[in-house]
Structures are given as structure tokens and as C-alpha cells.
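Structural description and commentary
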Amino acid sequence: KTYPYSHHTPRRGLTSTAALLLASAMSLAVVSASAAEAIELKAKWPVGQRTVTRITLDQDQQILGAPTGPMNQKMNQVQEVAVDVVRKLDGGGLDLEIQFLAMKMDMKMGSVTALSYDSSKPNAASGANPLTDIMDKFVGSTLFMELDAQGEVVAVEGLEDMMKGLSGA
């Protein structure tokens, strides 16, 4: 989805999650019917545009070392991440701003809900689960990244400040 751009002060930064998201979005490849022919697709990043990506992870696993015998764990996690193209740099690179907009996570261990978190709802159990306090601080955090003309990450800013904020939780 593309949304109107709003002005932000240019800075740089990125987490590994956002780096993975951007790297995968920028280096898509489509293989034709004959596997020998690959077509490289490159994302276009128009200055002033915002791209919002929703990442969904569904995980089912069986834990074998539980004292009561094998236990099933189910987790569903959803993150929404926005990437704003702040400006084009000399030489063809880009300044990007990455903001973590929303997060939802539900985890069950056996039949017991171990965690249920939704950033769109106030955290009534604040302090009861340290993980929800960390998630509260993660949502809304912003990082800044500089890409070169080939789309490679050159600089990241804001990661240290974000990690300091998260460790305080």
C-alpha cells in the first residue's frame, strides 16, 4: 500500500528485522519455466512515498523436554512496518525511515495461553509480563537507513537508542 508522505527529519538506522524485510523486498527474483533463466525484479522507491508491510508468522512446534511429556506450542505474530523514502542521495542512494507501527502476538503452550499481546489495546497487565513491556516500547520506534545506488545498506542509525530503550523494560 502507498500512503502520502509526511515530513520527518532525515536520520539513519535499521534493525535486523527491518533489514531482512527491506532486503527481501528489494531483491526479488522470479524464475521462469526453464530454471536456467532468472529475471531480477528491483523495487522502485519513489521519494515521498510510504510503504506499509504486514509480516505474519504462524509457528507450531512440539517441545519434547517438558516435564509432563511432549507439549505443543502455537504462536501467531503480526508486525506492521512502515518504510518512508525520505530523500534521494547524491550517487543514487536513498535515505529511508523505518517505523514499527503495530504488533500482535498470541502464544499457547498446550491449552494454556502464555501470552496475548495487541499493541492496539492498552496493556492492562503491564509489569506482569516483561515481554509485553518490551513490545510496548518497540511499537512506535523509528530507525533510519541509508542505501547505496545498488540498494545495499550503507549506514544505520537509531538502533543503539532503540536497544537502550528496550533494555530499560
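Below: a short report on this structure.

What counts as what
Along each chain, residue indices are assigned from 1 in the same order as the chain's sequence is written. For this predicted model, a pLDDT threshold of at least 70 governs which residues receive local features, and a threshold of 80 or more governs which side-chain atom pairs are given and counted, while totals over whole chains, interfaces and linings are taken from all residues. Based on all heavy atoms of the structure, the side-chain values leave hydrogens and waters out of the count. When DSSP finds two or more bridges between a pair of strands, those strands are recorded as paired. Secondary structure is summarised from DSSP: a helix means a run of H or I of at least four residues, a strand means a run of E of at least two, and numbering begins at the N terminus for each. The patch calculation keeps residues exceeding 30% relative accessible area without a salt bridge and links them within 9 Å when they carry like charges or within 5 Å when they are nonpolar (Val, Leu, Ile, Met, Phe, Trp, Tyr). The protein chains shown are the only cover counted for residues, whose accessible areas, like all others here, come from Shrake-Rupley with a 1.4 Å probe. Whenever a carboxyl oxygen of Asp or Glu lies within 4 Å of a side-chain nitrogen of Lys or Arg, that contact is scored as a salt bridge. Only protein chains enter the accessibility calculation, which uses a 1.4 Å probe; a residue whose area is less than 20% of its type maximum is buried, one above 50% is exposed, and one in between is partly exposed. Among buried residues, those of type Ala, Val, Leu, Ile, Met, Phe, Trp, Tyr and Cys that are joined through side-chain atoms within 4.5 Å constitute a nonpolar core. Any pair of Phe, Tyr and Trp rings, taking the six-membered ring for Trp, is counted once the centres come within 6.5 Å. Such a pair is stacked with planes under 30 degrees apart, edge-to-face with planes over 60 apart, and tilted for the rest. Any two residues whose heavy atoms approach within 4.5 Å at even a single point are treated as in contact. Structural elements are reduced to axes, namely lines fitted to C-alpha atoms, with helices fitted over the stretch in contact, and the angle between N-to-C directions of any two is expressed from 0 to 180 degrees. By the definition adopted for this analysis, an angle is roughly parallel if under 35 degrees, roughly antiparallel if over 145, roughly perpendicular if from 65 to 115, and oblique otherwise. Crossing handedness: left-handed means the near helix sits turned counterclockwise from the far one by under a right angle, and right-handed means the same turn made clockwise.

Both strand 6 (residues 94-109) and strand 7 (residues 112-118) contribute to a ladder of six bridges, which runs antiparallel. In the strand pairing of strand 7, Asp106 is matched with Ser116. Between the end of strand 6 and the start of strand 7, which pair antiparallel, lie two residues, with Gly110 showing a positive phi angle near 70°.

Further remarks concern a nonpolar patch on the surface. Residues Val153, Val156, Leu159 and Met163 make up a contiguous nonpolar surface patch of roughly 310 Å² in combined accessible area. Broken down by secondary-structure element, the contributors of at least two residues to the nonpolar patch are strand 9 (153-157) and helix 3 (159-167). Counting through the fold element by element, Met163 comes out in helix 3. Under the relative-accessibility criterion, Met163 is labelled partly exposed at 45%.

All right, on to the pattern of salt bridges then. Any two side chains of opposite charge can pair if their charged atoms end up close together. By the definition in use, this model includes four salt bridges. A salt bridge links Arg87 to Asp95, with the shortest nitrogen-to-oxygen separation between them at 2.8 Å. Owing to a relative accessible area of 36%, Arg87 belongs among the partly exposed residues under this scheme. Residue Asp95 is classed as buried on the basis of its relative accessible area of 1%.

Judged by nonpolar contacts, the single largest core of 21 residues is most densely connected at Trp45, Leu96, Ile98, Phe100, Met135, Phe138 and Met162. Listed by contribution, the elements that provide at least two residues to this core are strand 5 (71-88), strand 6, strand 7, helix 2 (130-138), strand 8 (142-147) and helix 3. Sorting elements by how many residues they give to this core places strand 6 first, with seven residues.

Moving on: the pairing of strand 5. Where strand 4 (residues 49-63) lies against strand 5, 14 bridges are found, and the strand directions are antiparallel. In the sheet register, Arg50 faces strand 5, and the bridge partner there is Asp84. Relative to strand 6, strand 5 runs antiparallel, the two being bridged by 15 bridges. The residue bridging Met75 from the neighbouring strand is Met107, located in strand 6. Hairpin connection of strand 5 to strand 6: five residues between the antiparallel strands, including Gly91 at a positive phi of 90°.

Next up on the list: the packing of aromatic side chains. Taken as a whole, this structure holds one aromatic pair when the rule is applied. Ring centres 4.4 Å apart and planes at 40° place the aromatic pair Phe100 and Phe138 in the tilted group. One end of the pair, Phe100, is in strand 6; the other, Phe138, is in helix 2, with 38 residues separating them in the sequence. Taken as a pair, Phe100 and Phe138 share a single burial class, namely buried.

This part is about helix 2. Every buried residue belonging to helix 2 is among Thr132, Asp133, Met135 and Phe138, and all of these are buried. Buried residues in helix 2 make contact with strand 5, strand 6, strand 7 and helix 3.

Taken N-terminus to C-terminus, the directions of helix 2 and helix 3 make an angle of 150°; their axes are 9 Å apart at the nearest point. By the criterion of interaxial angle, the relationship of helix 2 to helix 3 is roughly antiparallel. In this structure, the crossing between helix 2 and helix 3 has a hand that is right-handed. Residues Ile134, Lys137 and Phe138 of helix 2 pack against Met162, Gly165 and Leu166 of helix 3.

On their own, these measurements won't tell you what the molecule is for.
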